[in-house]
Amino acid sequence: MRVLAHHLLRLLALALLVVLLIGVPVVAIAVVGMPTSSFDRWIEAWRTHRVDLGLVVQLGSALFLLLWCWFASTAIAELARVLPHRHDLASSRAPAGAGPAGWVRGLIRFMAISTVGAGLVAGGGVGFAAAPTGVVHTVVAGDSYWEIAEGHLDRTLGRDATGHEVLVLTETLMGRNAPRLGHRDASLLIPGEQVVVVEPQPAPAPASAVPVVPVVPVVPVVPVASSTIEVTQSVSAPPTAPAAVPSAGPAVVSADTSFPWSGLGGAAFLATGALAFVEGRRRSRLRVARPGARIDAPTFAQARTELLLRTLDAGERVARMDLAVRAASRDLATQGGSILAVALSASGDVRLFVRGAAMPSSLHWRLDVQLGTWRLPATVALDELADLARDGVFPCPALVQLGALDDGDELYIDLESFGATAVPSAVAGALAASLAMSPFRTSSSVRCVAVPGVTGLDGVEVHDVDDADALIRRALATAAGCSSGAGTSTFSRRALLGDGESWDPELVVVGGSPGWLGSFDDVPPGAGVALVLPEGASTPAALRRDGDRFVFEPLGLHVRPVAVEDVELEALADLLRAADGPVVAVAPPLPIDVLPSHRPPFVDPDWDLLVRMIGQVEVVSPDGRVAQFVRSKSLELIVWMALHRERPTRSGARADMWEVGVRSATFANVVSEARRALAELRIPGDGEDWIGRTLTDDLPLHPRIVTDGDLLQARVEASRGLPHAAAIDVLQPGLELVTGLPFSSPCFAWVDAQGHTSSLVLLATGAATELAQHHLALGDIDGVFWATGRGLSVLSGHEELIALRMRAHAARGDLAGVRLEWEQYERTLTADTWSSGEPSPKLVTLRRDLLASPTVATIGA
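Keep in mind that what you see is a predicted model, and the values were worked out from it rather than measured. (Residues numbered from 1 in each chain as written. Predicted model: local features only at pLDDT ≥ 70, side-chain atom pairs only at ≥ 80, totals over all residues. Heavy atoms only, no water.)

Peer 1: How would you summarise the overall build of the protein if you had to cite specific residues and measurements?
Peer 2: When helices and strands are tallied, the protein shows 27 helices and 21 strands. Out of the 861 residues belonging to the protein, those deemed buried represent 48%. The long-range share in the protein, meaning contacts at least 24 apart out of those at least 6 apart in sequence, stands at 70%. (Helix = DSSP H or I, 4+ residues; strand = E, 2+ residues; numbered from the N terminus. Buried < 20%, exposed > 50% of the residue type's maximum accessible area, 1.4 Å probe, protein only. Contact = heavy atoms within 4.5 Å.)

Here it is, written out as C-alpha cells:
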C-alpha cells in the first residue's frame, strides 16, 4: 500500500510538471496571444497618459512569460542534474532550499527520485510529509548507516566507539528509519535524505529531588605488607533487617545518555550464557526429532539478536576465567581469603581482586605489589590452567559482569562476596539477566522486584513490590544462618569441603528508585546472600556516579557499566522461546505397496563443484581436489551464496558476514579471490563465471555448484517408498557425505543464527535413521551400526539412533551391548550442562523391554 501511494504521488507530480511547463503557456497564448506590441503604441500611451485595456493584457502576458521562463529553466536544470544520478545523487548533497526556487527543485526531486523521503526532506517545503525532528543527519554520497552510527557515537562518547556499540546503534537506526524512508532494501540510503539519529524526547516531568545517601563502605581496602587486599568484617552478629519496603510502583528503566552505558553489545558474559542456553535447548529438541522433521525458520529479529550475541565471541575468555578462578580457589580458601572481583583482558590476562592476606603457591600467578592482586599472564596456556584447576570447583556462583575498566578489561564482581551492592536501575536489569543466564549459577533462582524486561527469562522469579521486604528478610535470614555456622565463608566451603553441597546463595535484585528506611551496611560478605539494591541505598558496595563516570566502591575502580535495555531483554527472551519451540513433524511416507512398483534408477544432479558443509567446510571437484583460498572470507562467501540462492545479493552477504562495516574495495577483493580459487579448481564454461558479474546488487552462484545438503536431500526424497534394498542403495552414498557436525570448521556465526546448522543436523540424523531402519529390517546389524554412527557423529544422544543401536544389539542377543549403549547415552546427557539430565521415557521403556525379552528388537520406536 505504501509503495502504491508513493508511485501515485509521483505520477501526480509528473502531471503537474507537464501542465506547468506545457499546458499553461499553450492556453495563455491561445487566449491572449503573443505578448508583443509596437514601440509606437507604448510612446502614445506615455504622451496621452492613457493605457488601454489591450496594452494592460499584453503587459500581464509579458510578465507571465518571464515568470514561466524562470520556472521552466529552474525545473529543467534541476531535472537534468538529478536524473542521471537517481540512486546516487552526488550533486544533491545540500537541501533544495526555501522559497519558490526550493519548491520547484523539491517538486522535481520528488518526481525523479525513487523515494518520497529523498524529495520531500530535501525539498524542504513541498508539504507531502513533515520533516523529521530530533537529531538528524543529511545523507551525502557514500554514507551508510554504519558510518552515521559510528560518527554519532564518536562525537557523543568523546572516544572511538567499539564495533559492538556501532553495530547496536546501526540496527536501531535501520529499524527506525527504513520504514519511514520506504526503501525495499532496509540498508539503502540516498543522498539528500535525512536519517533520524536521536528521536525527540518529551520534556521531563518535574520531579521532587531524592536525597542520595552517601555510601560509606564497611569493607575497607587497606594495603598490607603482603601487598594483598586486607578486608576485615565481623560476621558474628546477625544482620539487622531493614524496615518495610515502601509500596512504590516499579520505575521504568531507561538508559541515561549523559553517562557512559554499554548495552547488549558489551554484555559478553550475558551473551555467553544466553548462547549456551540456546544451543542446549536446540540440542534437546533435535535429539527427539523423527525422520523428515523440520524446524521453523527464525524471524529476522531473532536472527539478528543471535548474530549480535555471537559477534561478542566471549566463550573462550569466560572459559579461561573459569579455569583461573578454579585454579586459585583452593589456595585462597586455605589461607582464609576469597575472590572479590576478576578483571579479564582481551589478550587473556586474568587479575583477581582478593580479600585477605593470601599468597599464591603456583609459579603461574604473579602478585601485584602495587594493586594487591593476583595476576595470571596470558602466556599461561589453557591446558596448563586445566591441570591446576582439575580438582577445584567454581566457588563464585554469583559472579557477573559489571562493565569495563578504563584499560578495556572486563570487570566481573562476585555479588555474594559483598553481600549487598547498590547500582543504578538500568544496571540492575543487566545484572539480573546475567545471573539468570550465568553458566556458573547452579539451582538457585533469581528473585526480581521492579526490574522490567526480565519476565521472559528462565530462572527469574518476578515479584510485586510488596514482596520485596519478605524476599530481603528471607535472604538475610539465610546469611545469618551461614554466619552462625562453621564460621567460614561459603567461598571456603565450596572450595575446601567438597561434600557435594553447592551452598546456593540467595539472589535478590531490586530495581526502582531508592526509598529504603533501613541500612544494609551490616549484610555479611560471603555468607550465602547476594542483594542488588537501588542506587542510593546504604550498602557495603556501590556503583556510584563520579562526575561523568562511574566508580565501583570499595575497590575504587572506574567502570563503564553494562546496562541492557528492556527491548534488548525482550528480544533475548524471544530468542530463547524460539530455541525451545517444537520440531515440526511431517506426514509419514506412503506404504511401499501403494506406490508405483517401477521407478527409474536414481541419478545424482549434475554438478561441477561441491560445497561440503556437513562436517568440515570446503569446496571440492568431482575428482576429489579441494579449492585453496587465501582469504577465509572467500570460502565463507561461497557458502553464503550456496545457502541463499533465492536472493543472493551483495548487500545481504556484507550484512551477514561482517560484524563491522566493510569497504566496497575489500568486498570486491573477496569476490575476486573466490572466483579465482574456483576457476583454478575447475574452469567454467565459455563466457561463464562461477560467480556472476553484474552491475546490480545481485551476486548469483553458478547452478552447477551444489552442496552436500542438496545431494543428500535429493537421495532422501528419492528413497521414500522404495523397498529396503533399493532404499539402501539410494541412501548410503548420500550418507557417506556426512562426516561430522555441520560447519565444524571453520565456524560462521550467521549459519547458526539463521537456522542452517539445525536444518542440516535434522537432515543428516533423519537420513541416518531411515537407512538404519532399512538395514535392521534386512537383518544387517553392521549396516545399522554404520548408519547410526554417521548420525551420532552429527548429534550425540539422538534418541531414534540410540534406540536403533539398542535394538540391533538385542537382535544379536547381546544384552551387554544394550547396557553399554544405555550407559553411553546417560554419559552424553550428563556431559551436556544445559540438558535436564533426564533420559527419554521412550528409551527407558525400550531398555526395560529389551533386557526382559531381546526378541522385542523390531522396527519402530
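Peer 1: I'd like a rundown of the pairing of strand β14 (residues 506-510), residues and numbers included.
Peer 2: Among the five residues that make up β14, five are buried, leaving the element largely enclosed by the rest of the structure. Here four bridges tie strand β12 (residues 446-449) to β14, and the two strands are oriented parallel to one another. Opposite Val449, over in β14, you have Val510 as the bridge partner. As paired elements, β14 and strand β15 (residues 529-534) share four bridges and run parallel to each other. Paired with Val509 across the strands is Val532, a residue of β15. (Pairing = 2+ DSSP bridges.)

Peer 1: Now, about the packing of helix α20 (residues 708-719) against helix α21 (residues 724-735): what can you tell me, with residues and values included?
Peer 2: The contact between α20 and α21 brings their axes to 9 Å, and the two run at 165°. Taken together, the axes of α20 and α21 lie roughly antiparallel to each other. At the point where α20 passes α21, the crossing takes the left-handed sense. Here Leu712, Arg715, Val716, Ala718 and Ser719 of α20 come into contact with α21, specifically with Ala727, Asp729, Val730, Leu731, Pro733, Gly734 and Leu735. Tallied by class, residues from the contact of α20 with α21 come to eight nonpolar, two polar and two charged. (Axes fitted to C-alpha atoms, helices over the stretch in contact; angles between N-to-C directions. Parallel < 35°, antiparallel > 145°, perpendicular 65-115°, else oblique. Left-handed = near helix turned anticlockwise from the far one by under 90°. Nonpolar A, V, L, I, M, F, W, Y, C, P; charged D, E, K, R; others polar.)

Peer 1: Tell me about the sheet that holds strand β21 (residues 705-707), and please be specific about residues and values.
Peer 2: The strands that make up a sheet pair up through hydrogen bonds in the backbone, lying either parallel or antiparallel. Spatial strand order, β20-β19-β21: three strands in an open sheet with mixed pairing. Strands with a single pairing partner mark the edges of an open sheet, and in this sheet they are β20 (618-620) and β21. The average undirected angle you get between the axes of adjacent strands in this sheet is 25°. For strand β19 (residues 609-612) and β21, the ladder comprises three bridges, and the chain directions are parallel. Of the residues in β21, the one forming a bridge with Leu609 is Ile705. Against the sheet, helix α17 (residues 632-643) makes contact with β19, β20 and β21, and its axis sits at roughly 75° relative to β20, the strand it touches most.

Peer 1: How would you explain the pairing of β12 if you had to name every residue and give the values?
Peer 2: Burial along β12 is two-sided: Val446 and Cys448 facing one way and Arg447 and Val449 facing the other are all buried. Pairing of β12 with strand β13 (residues 460-463), which is carried by four bridges, proceeds in the parallel orientation. When the bridges of β13 are listed, Val449 appears paired with His463.

So, to be careful, I would describe these as geometric facts and stop short of saying anything about function.
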